[in-house]
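Each chain, written out:
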Amino acid sequence: MNIKWSDEELVIIEAKAEVYTIKQIASSLKRRRFYRTPVAIYLKLNNLGYSARPTLDNYSCKEIAQVLQLNLSTVCRWVKRGWLKATKRSARHYQIRRWHLKQFFDNPPHSIKKRIAVLDVEAINYLLGRKA
C-alpha cells in the first residue's frame, strides 16, 4: 500500500533530515501519530536529496575515498599533512567531521586545487549532505 506523504510529515522529515538518524525521525513521526517505516523514510529522504547516513556528521577515510573514488592512501595523506582535519580513533583510523570536510573542499591547499576541482560534484555534495 502506498500512502501519500502529508505536508506535515514532509515538514518534519526535512527539518530533521540533516541532524537525526532515520530511526529518530521515525520515532518523532510516531509521536505525532504518523506511522512510516524506516525504509519509507530512507526512500523519501533520498527522493528529497538528503543524505540518509546513520551517522550524519562523521566519516572515516575509507568512506570518503570510496565516495570520491580515490585511493584510501590519498585521503589519509591529506589528513597526515594537516590539510584535512581529523580525530584519530585508533592507530590507523581517523574520524572526519562533515564541517572539516566542508572547510577542506571550500578552501583546498594550492598544490591540489586542480585535483579537487575534477572530483565529482555530486559525490562531494553527498558527503557534505547538500541537496543535489
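Residues numbered from 1 in each chain as written. Predicted model: local features only at pLDDT ≥ 70, side-chain atom pairs only at ≥ 80, totals over all residues. Heavy atoms only, no water.

Caption draft 1: Quick peek at the overall build of the chain. Along the chain, the regular secondary structure elements total 8 helices and 3 strands. Here the C-alpha coordinates of the chain stretch approximately 50 × 30 × 20 Å along the principal axes. By the burial criterion, 40% of the 132 residues in the chain qualify as buried. The long-range fraction of contacts in the chain, counting pairs at least 24 apart against all pairs at least 6 apart in sequence, stands at 57%. Working note: accessible area of the chain is about 8900 Å², and carbon and sulfur atoms make up 51% of it. Within the chain, the 10 negative side-chain charges are centred at a point lying 10 Å from the centre of the 26 positive side-chain charges. (Helix = DSSP H or I, 4+ residues; strand = E, 2+ residues; numbered from the N terminus. Buried < 20%, exposed > 50% of the residue type's maximum accessible area, 1.4 Å probe, protein only. Contact = heavy atoms within 4.5 Å. Areas by Shrake-Rupley, 256 points an atom, 1.4 Å probe, with all protein chains shown as cover. Lys, Arg positive; Asp, Glu negative; His and termini not counted. Charge placed at Lys NZ, Arg CZ, Asp CG, Glu CD.)

Caption draft 2: Structural detail: the side chain of Lys 44. Mapping Lys 44 onto the fold places it in helix H3 (residues 38–48). With sequence-adjacent residues up to four places away left out, Lys 44 is seen in contact with Trp 5, Leu 10 and Ile 13.

Caption draft 3: Broad picture of the packing of helix H1 (residues 7–16) against helix H2 (residues 22–31). Two elements in contact, H1 and H2, have axes separated by 10 Å at closest approach and are oriented at 145°. The crossing of H1 and H2 is right-handed. Each of Glu 9, Ile 12, Ile 13 and Lys 16 in H1 lies in contact with H2, whose residues at this interface are Ile 25, Ser 28 and Leu 29. When the residues that make up the contact of H1 with H2 are grouped by side-chain class, the tally is 4 nonpolar, 1 polar and 2 charged. (Axes fitted to C-alpha atoms, helices over the stretch in contact; angles between N-to-C directions. Left-handed = near helix turned anticlockwise from the far one by under 90°. Nonpolar A, V, L, I, M, F, W, Y, C, P; charged D, E, K, R; others polar.)

Caption draft 4: The nonpolar core, seen in detail. Counting 23 residues, the largest nonpolar core has Ile 64, Leu 68, Val 75, Trp 78, Leu 84, Leu 101 and Phe 105 as the members making the most contacts within it. When residues of this core are traced back to their parent elements, those giving at least two are helix H4 (61–68), helix H5 (72–80), strand S3 (94–97), helix H6 (98–106) and helix H8 (121–128). Setting aside its immediate chain neighbours within four residues, Val 75 contacts Cys 61, Ile 64, Ala 65, Leu 70 and Leu 84. By size, the runner-up hydrophobic cluster in this structure holds 13 residues, among which are Leu 10, Ile 25, Leu 29 and Ile 41. (Core = buried A, V, L, I, M, F, W, Y, C linked by side-chain atoms within 4.5 Å.)

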